[in-house]
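What the coordinates show
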Amino acid sequence: IEEFFAAYMGEQARGRPKLVQSEANAMLSDHANAVISIINLSSIKDLERVTGAEIDPLRFRANVYLEGLDAWAEFDWVGYDIRLGAATLNVTKRIDRCAATNVNPGTGERDLNLPKDLQRGFGHIHMGVYAAVTNAGEIAFGDELTPAE
């Protein structure tokens, strides 16, 4: 596998690729706690207005994509519980975005600078929110999101 990636990436690899293995039950995340990421598609549309470019939502690698909300409404949920399908979630924080979102998921090219565009257009580098599951349950396409009671 290392040889394949070394040949595939060539000089762009910036060093020799190395296959590593995580310990059993390790959580591979850039967040300290187990959370899911939620993206509001209307917020992406508002960012498209700023960039002047179409933005594939897959750039944000979310677990859940929502539609039918006002842009940026998800930021008001931080600190509150929401219900999605049969699950209850506590919205813990906004998601800071990094340069990984600059990569077009269809082509692999770095074709936008979304953290810079977020800062320029909105005064922050956030897109989406993290939420911790407080009551597990099934969620499915088309489920409604509501405040938890």
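The rules we used
Residues numbered from 1 in each chain as written. Predicted model: local features only at pLDDT ≥ 70, side-chain atom pairs only at ≥ 80, totals over all residues. Heavy atoms only, no water. Phe/Tyr/Trp six-rings, centres within 6.5 Å; stacked < 30°, edge-to-face > 60°. Helix = DSSP H or I, 4+ residues; strand = E, 2+ residues; numbered from the N terminus. Buried < 20%, exposed > 50% of the residue type's maximum accessible area, 1.4 Å probe, protein only. Patch = residues over 30% accessible without salt bridge, like charges linked within 9 Å, V, L, I, M, F, W, Y side chains within 5 Å. Areas by Shrake-Rupley, 256 points an atom, 1.4 Å probe, with all protein chains shown as cover. Salt bridge = Lys/Arg side-chain N within 4 Å of Asp/Glu carboxyl O. Pairing = 2+ DSSP bridges. Axes fitted to C-alpha atoms, helices over the stretch in contact; angles between N-to-C directions. Contact = heavy atoms within 4.5 Å.

As a further point, take the packing of aromatic side chains. In the structure shown here, the tally under the stated rule is 4 aromatic pairs. Where Phe4 meets Tyr8, the ring centres are 6.0 Å apart and the plane angle is 10°; that geometry is what we call stacked. Here Tyr8 and Phe4 lie together in helix α1 (residues 2-9), a separation of 4 residues that amounts to about one turn. Owing to a relative accessible area of 52%, Phe4 belongs among the exposed residues under this scheme. Considering the side-chain rings of Trp72 and Phe75, the 5.4 Å spacing of their centres and the 40° angle between planes classify their relative orientation as tilted. Since its relative accessible area comes to 15%, Trp72 is described here as buried.

Together, Ile1, Phe4, Phe5, Tyr8, Met9 and Leu19 make up an exposed nonpolar region whose accessible area comes to about 700 Å². Checked against the element boundaries, Ile1 lands in the segment before α1.

Another point: the sheet that holds strand β1 (residues 36-40). Spatially, β2-β1-β5-β4-β3-β6 is the arrangement adopted by the 6 strands of the open sheet, whose pairing is mixed. The outermost strands of the open sheet, each flanked by one partner alone, are β2 (64-66) and β6 (145-147). The mean inter-strand angle of the sheet, taken between neighbouring strand axes irrespective of direction, is 40°. Here β1 pairs with strand β5 (residues 126-135) via 3 bridges, running antiparallel. Bridge pairing in β5 places Ile36 opposite Ala131. Against the sheet, helix α2 (residues 41-51) engages β1, β2 and β5, with an angle of about 55° to β1.

Our focus in this paragraph is unusual backbone geometry. Residues other than glycine seldom take positive phi values, yet Arg61 does so here, at roughly 45°. Looking at where Arg61 falls in the secondary structure, it is placed in the loop between α2 and β2. Judged by its relative accessible area of 49%, Arg61 is partly exposed. Of note, Trp72 is a non-glycine position whose phi angle comes to about 70°, a positive value. One can find Trp72 in the loop between β2 and β3 (81-84).

This brings us to the pattern of salt bridges. Scanning the model with the defined rule gives 5 salt bridges in all. Here Asp46 and Arg49 are joined by a salt bridge, their closest N and O atoms 2.7 Å apart. Pair noted here: Asp46 and Arg49 are both in helix α2, with a separation of 3 residues, about one helical turn. Exposure remark for Asp46: the relative accessible area of 17% places this residue in the buried category. Between Asp111 and Arg59 there is a salt bridge, with the nearest N and O atoms lying 2.6 Å from each other.

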